[in-house]
Every structure is written in structure tokens, then in C-alpha cells.
Amino acid sequence: MAHPSQLGFQDAASPIMEELLHFHDHALMAVFLISTLVLYIITTMMTTKLTNTNAMDAQEIEMVWTVMPAIILIVIALPSLRILYLMDEISDPHLTVKAIGHQWYWTYEFTNYEDLVFDSYMLPTQDLSPGQLRLLEVDNRMVIPMESPIRMLISAEDVLHSWTVPSMGVKTDAIPGRLNQTTFIASRPGVFYGQCSEICGANHSFMPIVVEATSLNFFQKWSSSMLES
């Protein structure tokens, strides 16, 4: 999860998020180079007497400042399109989970199981145990097996919500009457936090998301205990 005074993104917990981090660094370098060049040109224009009037009619300059931006846009667009296609690719998911947004909690339905359905509410501050995170902990975590393709079906019951887990690289709107779809793979075990990223009402900031990635054996034990309870 994010830490105080953290400047960068959260550590990636899925292959898609790793690709997004690489693309962010790639695009940021292009922006840095463009900003440096523009700053240099502005400084030169303010500190140098313009004595060469022929530069105003040079066709070479016209070609350079037309072709260079086009090349930069292509260099940025191609990796972006690749990641967009990767994010939309859903191939043979091992588990399908349906997340339904309510005011203000989440309901999870594990469609591979017949009766595995539960609500996930934020834990009040007075009920937190030592080491738990305020405004981020829930009473029922969404447990998934790691290194398995997970398909998320996301919708809402009342108003617009957004199911977001930054370290997984997942952010999908939950819209009433519409079923959105996304996929991710947890590349390592751990507990990953997110929140609703849509302004959905007075308690918008009090419907956290907690995804716990575990081994397959632990997931099977957890699912069996949830079905029995």
C-alpha cells in the first residue's frame, strides 16, 4: 500500500501493473526531454540577441518541429496501445468474481461456487486490531489464489462506483444496469488495498477494497469455511 510522503506508485503485484509502471517511466522520460528542450529554447530567446533573420524562413526548421512531435507521439502511443490490448485480453480465467457496489459497501459473488456470496464492510475504528489500517480494513476480504487469472465482473446496485486496486493495476467503473469486465493475475502473495474511486455519496471514502492473494491450498480452505458458515 502507499506510504506517507511516497512520490511514486505502489509496488506492482500483477504483470499488468508492472507494464503500466514501465510505460509511466517511458512517457515521463519523453516529457522530461521535451520540457528540457522547451526550457532551453525559452532561455536562449530571452538571453540572446536575434541577429539572424534568415532563420525565420528556414524550411529545415519547419520540417524538424513538424516531424519530431509526430515521432514522439508514435513512440508514446505504440506502448500505450499494447498495454490497452493486454488489459482487455481475457484468456481462460481460473476464477470469476462478481463485485457489486452498494451505498456504501461491496458484495462479492464467486460464480464458480454455488453459494459463495458475502458482503464486505469497512471495519469501524473502535473494532480495529493492533496493526490494522484505519479506513482500509474490512470484515470480509476478497481472497483469491495467486498466479491464477482472475476475471472480475463489476456492477452497481444504486449509483456509480469504481472498483480500484492500484497495486493490481485495476480500476473499473461499477455502473447500475451494466456489467463491466476486467482481469488480473496476482503475481505474489499479500494483502492489497483499494477504495471506491467514484464520488458515490456521503460515505464515498468509507467503502474500501481488500484483496488477499494466497496459495491455492489456503484459498480452498477459505472457500470451504465460507461455504460452511
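Rules used throughout
- Residues numbered from 1 in each chain as written.
- Predicted model: local features only at pLDDT ≥ 70, side-chain atom pairs only at ≥ 80, totals over all residues.
- Heavy atoms only, no water.
- UniProt positions renumbered as here; feature names shortened; annotations may be inferred.
- Helix = DSSP H or I, 4+ residues; strand = E, 2+ residues; numbered from the N terminus.
- Rg over C-alpha atoms; globule rule 2.2 N^0.38 Å.
- Contact = heavy atoms within 4.5 Å.
- Lys, Arg positive; Asp, Glu negative; His and termini not counted.
- Charge placed at Lys NZ, Arg CZ, Asp CG, Glu CD.
- Axes fitted to C-alpha atoms, helices over the stretch in contact; angles between N-to-C directions.
- Parallel < 35°, antiparallel > 145°, perpendicular 65-115°, else oblique.
- Left-handed = near helix turned anticlockwise from the far one by under 90°.
- Nonpolar A, V, L, I, M, F, W, Y, C, P; charged D, E, K, R; others polar.
- Domains from an automatic or database assignment.
- Buried area = accessible area lost by both parts, 1.4 Å probe.
- Polar contact = N/O pair within 3.5 Å; in protein donor to acceptor, adjacent residues only side chain to side chain.

The name given to the protein chain in an unreviewed UniProt entry is Cytochrome c oxidase subunit 2, with the source organism recorded as Pachytriton granulosus. You can read under Sequence similarities (unreviewed entry) in the UniProt record for the protein chain the words "Belongs to the cytochrome c oxidase subunit 2 family." Of the comments in the UniProt record for the protein chain, the one headed Catalytic activity (unreviewed entry) reads "4 Fe(II)-[cytochrome c] + O2 + 8 H(+)(in) = 4 Fe(III)-[cytochrome c] + 2 H2O + 4 H(+)(out)".

Student: Even after reading the chapter, I still don't get the overall build of the protein chain, so can you show me in this structure?
Tutor: Helices and strands together make up the secondary structure of the protein chain, namely 3 helices and 10 strands. The linear arrangement of helices and strands in the protein chain, starting from the amino end, is α-α-β-β-β-β-β-β-β-β-β-β-α. For the protein chain, the C-alpha radius of gyration of 24 Å lies well beyond 17 Å, the compact-globule estimate for 229 residues. In terms of principal-axis extent, the alpha carbons of the protein chain reach across some 85 × 40 × 35 Å. Within the protein chain, contacts between residues at least 6 apart in sequence are counted, and of these 63% link residues at least 24 apart. Positive and negative charge centroids in the protein chain, built from 10 and 24 side chains respectively, lie 4 Å apart.

Student: What exactly am I supposed to notice about the UniProt feature "domain: Cytochrome oxidase subunit II copper A binding" (unreviewed entry) in the protein chain here?
Tutor: Cross-referencing UniProt, the feature "domain: Cytochrome oxidase subunit II copper A binding" (unreviewed entry) maps to residues 92-225 in the present numbering. Secondary structure across residues 92-225 comprises 7% helix and 44% strand; the distance between its end C-alpha atoms is 26 Å.

Student: Could you clarify how one ought to interpret the packing of helix α1 (residues 15-47) against helix α2 (residues 59-88) in this entry?
Tutor: One way to put it is that α1 packs onto α2 with a least axis distance of 11 Å and a crossing angle of 165°. Of the possible angle classes, the one that applies to α1 and α2 is roughly antiparallel. For the element pair α1 and α2, the recorded crossing hand is left-handed. Between α1, through I16, E19, L20, F23, H26, A30 and I34, and α2, the contact on the second element is made entirely by I72, V75, I76, P79, S80, R82, I83, L86 and M87. Residue classes in the contact of α1 with α2 are distributed as 12 nonpolar, 2 polar and 2 charged.

Student: I'm lost on the domain arrangement of the protein chain in this one. Help?
Tutor: Size of an interface, as often reported, equals the accessible area lost when the parts are brought together. Looking at the protein chain, the domain boundaries give domain 1 (15-50 + 57-88) and domain 2 (95-228). If you average the C-alpha positions of domain 1 and of domain 2, the two centres end up 37 Å apart. The partner domain 2 presents 7 residues to the 6 residues of domain 1 that form the contact. Between domain 1 and domain 2 the total buried area reaches about 440 Å² when both faces are included, carbon and sulfur atoms providing 58% of it. For the domain 1 face of the interface with domain 2, the top three residues by lost area are P15, M17 and M87, together amounting to 74%. Summed over the shared surface of domain 1 and domain 2, the result is 0 residue pairs in polar contact (both at pLDDT 80 or more). For the side of domain 1 that touches domain 2, the element with the most residues is α1, which contributes 5 residues.

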